[in-house]
Amino acid sequence: MSRHTSGTCNLSSSCRRKPASSIGTRRRFLAVAGALLAAVSVLPAAAADAQDFDVVIANGRVMDPASGLDAVRNVGVRAGKVQTISTAPLHGARVIDAAGLVVAPGFINLHWHGTDPRSNTFEAMDGVTSTFELEIGVADVDRWYAERVGRMPINYGVAVGHAPVRMQVMHDPGVFVPAGDAARLPANEVQQARILDGIEHGLRRGAVGVGFGLAYTPAASRREILDAFRVAARHQASAFVHIRGASSAGSADREEGLLEVIAHSAVSGAPVHVAHINSSAQEAVERLLDVIGQARARGIDITTEAYPYTAGMTRLESFLFDSWTDKPESEYRKLQWVATGERLTRETFHRYRAQGGFVLIHANTEARVRHAIVHSLTMIASDGFDVDPPSHPRSAGTFTRTLARYVREEQALSLMDALRKMTLMPAQRLQARVPDMALRGRIAPGTYADLVVFDPDRVQDVATYEQPARYARGMRYVLVNGQTVVDGGEVVAKAFPGLPIRAPLR
Ligand SMILES: [Zn+2]
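Rules used throughout
- All chains use their own residue numbering, which begins from 1 and follows the written sequence.
- The model is predicted, so local features are restricted to residues of pLDDT at least 70 and side-chain atom pairs to those at 80 or more, both for listing and for counting; the totals for chains, interfaces and linings are taken over all residues.
- Neither water nor hydrogens contribute to the side-chain values; these are computed over all heavy atoms in the structure.
- Each helix is a run of H or I in the DSSP string that is no shorter than four residues. Each strand is a run of E no shorter than two, and both are numbered from the N terminus.
- Here, residues are in contact when the closest pair of their heavy atoms is within 4.5 Å.
- The Shrake-Rupley method, run with a 1.4 Å probe, gives the accessible areas here. Residue values count only the displayed protein chains as cover.
- The charge count includes Lys and Arg as positive and Asp and Glu as negative, but it does not include His or the ends of the chains.
- Each charge is placed at NZ for Lys, CZ for Arg, CG for Asp and CD for Glu.
- Burial classes follow relative accessibility: with a 1.4 Å probe on protein chains only, a residue under 20% of its type's maximum area counts as buried, one over 50% as exposed, and anything between as partly exposed.
- Two strands make a pair as long as DSSP finds a minimum of two bridges between them.
- To get an axis, fit a line to the C-alpha atoms, keeping to the stretch in contact for a helix; angles then go from 0 to 180 degrees between the N-to-C directions.
- Note that domain bounds follow an automatic or database assignment of domains.
- Throughout, the accessible surface (probe 1.4 Å) given up by two parts as they are put together, summed over both, is called the buried area.
- Salt-bridge detection follows one rule: a side-chain nitrogen of Lys or Arg within 4 Å of a carboxyl oxygen of Asp or Glu.
- In the analysis that follows, any N or O atom pair within 3.5 Å is treated as a polar contact, provided that within protein one partner can donate a hydrogen and the other can accept it, and provided that, for residues neighboring in sequence, both atoms belong to side chains.
- Three residue categories are used. Nonpolar comprises Ala, Val, Leu, Ile, Met, Phe, Trp, Tyr, Cys and Pro, charged comprises Asp, Glu, Lys and Arg, and polar comprises the others, including Gly.
- Space inside and on the surface of the protein is sampled on a 1 Å grid over the protein atoms alone, with a cavity defined as a set of points where a 1.4 Å probe fits but cannot get out and a pocket as an open set with protein on both sides within 12 Å along at least 5 of 7 lines; lining residues have an atom within 4 Å of a point.
- Grid points are joined across faces, edges and corners, and a volume is the space filled by probe spheres set on the points.
- Note: metal donors comprise N, O and S atoms at 2.8 Å or less from the metal (3.2 Å for Na, K and Ca); water molecules are not included, so apparent gaps in a site are possible.
- Surface patches are drawn from residues lacking salt bridges whose relative accessible area is over 30%; two like charges belong together within 9 Å, two nonpolar side chains (Val, Leu, Ile, Met, Phe, Trp, Tyr) within 5 Å.
- The definition of a nonpolar core used throughout is a set of buried Ala, Val, Leu, Ile, Met, Phe, Trp, Tyr and Cys residues joined through side-chain atoms within 4.5 Å.

**Student:** Report on the overall build of the protein chain, specifying residues and quantitative values.
**Tutor:** Counting its secondary structure elements, the protein chain contains 16 helices and 20 strands. A principal-axis box enclosing the C-alpha atoms of the protein chain has dimensions of 115 × 50 × 45 Å. Look at the contacts in the protein chain between residues 6 or more apart in sequence, and 71% of them connect residues 24 or more apart. Counting only carbon and sulfur atoms, one obtains 54% of the accessible surface of the protein chain, whose full area is about 20300 Å². On the protein chain, the mean spot of the 57 positive side-chain charges and the mean spot of the 52 negative ones are 10 Å from each other.

**Student:** Explain the environment of Arg 370 residue by residue, including any values.
**Tutor:** For Arg 370, the position within the fold is in helix α13 (residues 366–374). By relative accessible area, Arg 370 is classed as partly exposed at 28%. Measuring from C-alpha to C-alpha, the distance between Arg 370 and Val 387 comes to 25 Å, with 17 residues separating the pair along the chain. In this view, Arg 370 contacts Tyr 406 and Glu 410; residues no more than four positions away in its chain are not counted.

**Student:** Give me the sheet that holds strand β15 (residues 358–362): which residues, what numbers.
**Tutor:** Ordered by their spatial adjacency, three strands build an open sheet running β13-β15-β14, and the pairing between neighbours is antiparallel. Looking at strand neighbours, the two that pair on one side only are β13 (311–315) and β14 (335–337), the edges of this open sheet. Each strand of the sheet is rotated relative to its neighbour by a mean of 30°, with strand direction disregarded. Relative to β15, β13 runs antiparallel, the two sharing five bridges. Each bridged residue has a counterpart across the sheet, and for Ala 311 the counterpart in β15 is His 362.

**Student:** Residue-level account of the domain arrangement of the protein chain, with values.
**Tutor:** The domain boundaries assigned to the protein chain delineate domain 1 (106–321 + 360–436) and domain 2 (322–359). Using C-alpha coordinates to define each centre, domain 1 is positioned 24 Å away from domain 2. Contacts between the two partners involve 18 residues from domain 1, matched on the other side by 18 residues from domain 2. For the pairing of domain 1 and domain 2, the buried interface totals around 1600 Å² over both sides, and the portion due to carbon and sulfur atoms is 58%. Sorting the residues of domain 1 by area buried against domain 2 places Leu 316, Phe 321 and Leu 360 first, and these three jointly supply 43% of that buried surface. Across the domain 1-domain 2 interface, the total number found is one salt bridge. A salt bridge links Arg 184 to Asp 322; the shortest N-O distance between them is 2.9 Å. Summed over the shared surface of domain 1 and domain 2, the number is 13 residue pairs in polar contact (both at pLDDT 80 or more). Broken down by element, the side of domain 1 that touches domain 2 gets its largest block of residues, four residues, from β13. Residues that form the side of domain 1 that touches domain 2 fall into these classes: 10 nonpolar, five polar and three charged.

**Student:** Help me get a handle on the layout of surface pockets, residues and values and all.
**Tutor:** Unfilled space is identified by rolling a water-sized probe across the atoms. Its boundaries defined by the atoms lining it, the largest pocket holds a volume of some 800 Å³. Every element with two or more residues in the lining of the largest pocket is listed here: β7 (128–138), α3 (141–146) and α4 (162–169). Per-class residue counts for the lining of the largest pocket are 15 nonpolar, eight polar and nine charged. Approximately 280 Å³ is the volume found for the second largest pocket. Every residue lining the second largest pocket is counted, 18 residues in all, and those nearest its centre are Gly 245, Ala 246, Gly 250, Ser 251 and Phe 319. Counted by class, the lining of the second largest pocket contains eight nonpolar, five polar and five charged residues. Domain assignment of the residues forming the lining of the second largest pocket places at least three in each of domain 1 (106–321 + 360–436) and domain 2 (322–359).

**Student:** Mind laying out the coordination of the zinc ion, listing which residues take part and the relevant values?
**Tutor:** Coordination of the zinc ion by the protein comes from Glu 135 (OE), His 242 (ND1) and His 276 (NE2), over a distance range of 1.8 to 2.4 Å. Along the chain, the residues donating to the zinc ion are arranged with the sequence spacing E-x106-H-x33-H. In this pair, Glu 135 sits in strand β7 while His 276 sits in the loop between β11 (272–274) and α9 (277–281), placing the two residues 141 residues apart along the sequence.

**Student:** Kindly report on the side chain of Thr 402, identifying the contributing residues and their values.
**Tutor:** Along the chain, the position of Thr 402 falls in helix α14 (residues 394–409). On the basis of relative accessible area, Thr 402 is assigned to the buried category, the value being 0%. From its side chain, Thr 402 meets the backbone oxygen of Thr 398 in a polar contact 2.8 Å long. The contact partners of Thr 402, leaving out residues within four places of it in the chain, are Pro 308, Ile 373, Ile 380, Val 407, Leu 413 and Met 422.

**Student:** Provide a residue-level description of a positive patch on the surface, including the pertinent values.
**Tutor:** Positive charge collects at one region of the surface, where Arg 458, Arg 470, Arg 473 and Arg 476 lie side by side. Among the structural elements, Arg 470 can be located in the loop between β17 (451–454) and β18 (475–480).

**Student:** Describe the nonpolar core, with residues and values.
**Tutor:** Residues Phe 107, Leu 258, Leu 403 and Phe 454 are the most contacted members of the largest nonpolar core, which totals 96 residues. Every residue in contact with Leu 403, bar those within four places of it in the chain, is listed here: Phe 107, Arg 408, Leu 415, Ala 418, Met 422, Phe 454, Val 459 and Met 475. Judged by nonpolar contacts, the second largest core, of 17 residues, contains Val 177, Tyr 216, Leu 320 and Val 359.

Spelled out as structure tokens, the structure:
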């Protein structure tokens, strides 16, 4: 024991035998030291507490197209957001071991027509965490959002639709797409003004964009559509378009509809997104993708999408089949009546057309579809419908099919490029109008915890034309705003963490 001459002492030296008051001081010092120690020992834990997460996704191969990150990391989620991505182990109320699995941003589907939240569980099993009705859209934006509050497993958004507003103004009897005047008659001045007012109102109510089903409203003049694009431009909204005169059901001039929307975009300034280039272009897919690339090179803000199936699907009573009254028998055989699965004849074509309903159109080829899917300009989007009554397998298998067939089996697309087409690219298409989308489609601190955890070696679509309502396989966990909607490969019943995605109201 050594003697200190300084007057202060530390815990080890005997020189501290001071008078009573000094003993008191020492006791106080020890008490304080003890408390400090206790505090210190708690601090890392407290720090850990502060670092504890609601969910930790550990040991997964984290792939983020926005940053290019592709490495094994631990992801900490709290309060619905990604808080940290770390090489260090993280503590969480729940720890999901993702060793050997890929952890990626949740998929964003810009093309969905379903109305029943149960159908969205098929999207979730396909890796989709945000879904949008953009191509056709709706006339009543407020009602569409109100009908879904608290009932959706995934996030949801809608466009105000030129076709539904036109159907309302012209009292068209059509189901989903026009079947009467709104398809076949030009709009007079008063009707045109009311259509533009309806679109303006929808945008003020936060519609994500403006939808155009131009192939379904062929009587709408170029002036009517240009004016509608101008309304979109005033609200920084994009136009989401099924181009005029082009579909799986045929086309006299594939370039016509595409050049029309490029002109509308150039004149109005509204960005334009071309729906399902695979089915609208068919044999002209290489030509039309070149046109889109050249327009972009000259500053036109145009994007597009594709789904990985050779058959299209639409309503048999729609305008698309007006020119089918007297086709060769072989053409009718390309049509498959969804309700029964039977291939059509001239006789059944006319009978079912009078009745109305969905028909599959087996018109495209694998080579053309592959060209569209792997092309650098296309996003992946399903054009899906409700699964009951049965519709098209694209509703349940579009994203897993892209990963299974074009990434794993054919190696025609890298995993990172495929993920980019399903996450970052669609998010970027929407974020100018909906700032919230800058926090989706990415994995980084501060982004929404919309995450998929899947096995790239086993991910697989299983839905078929005959059995379209079948859950995809391989998505082990799907989180929406930090909550699991797919857990251990199973849908989580009664999980509705989906939030409305809407532009600011004006
Ligand atoms: Zn379409």
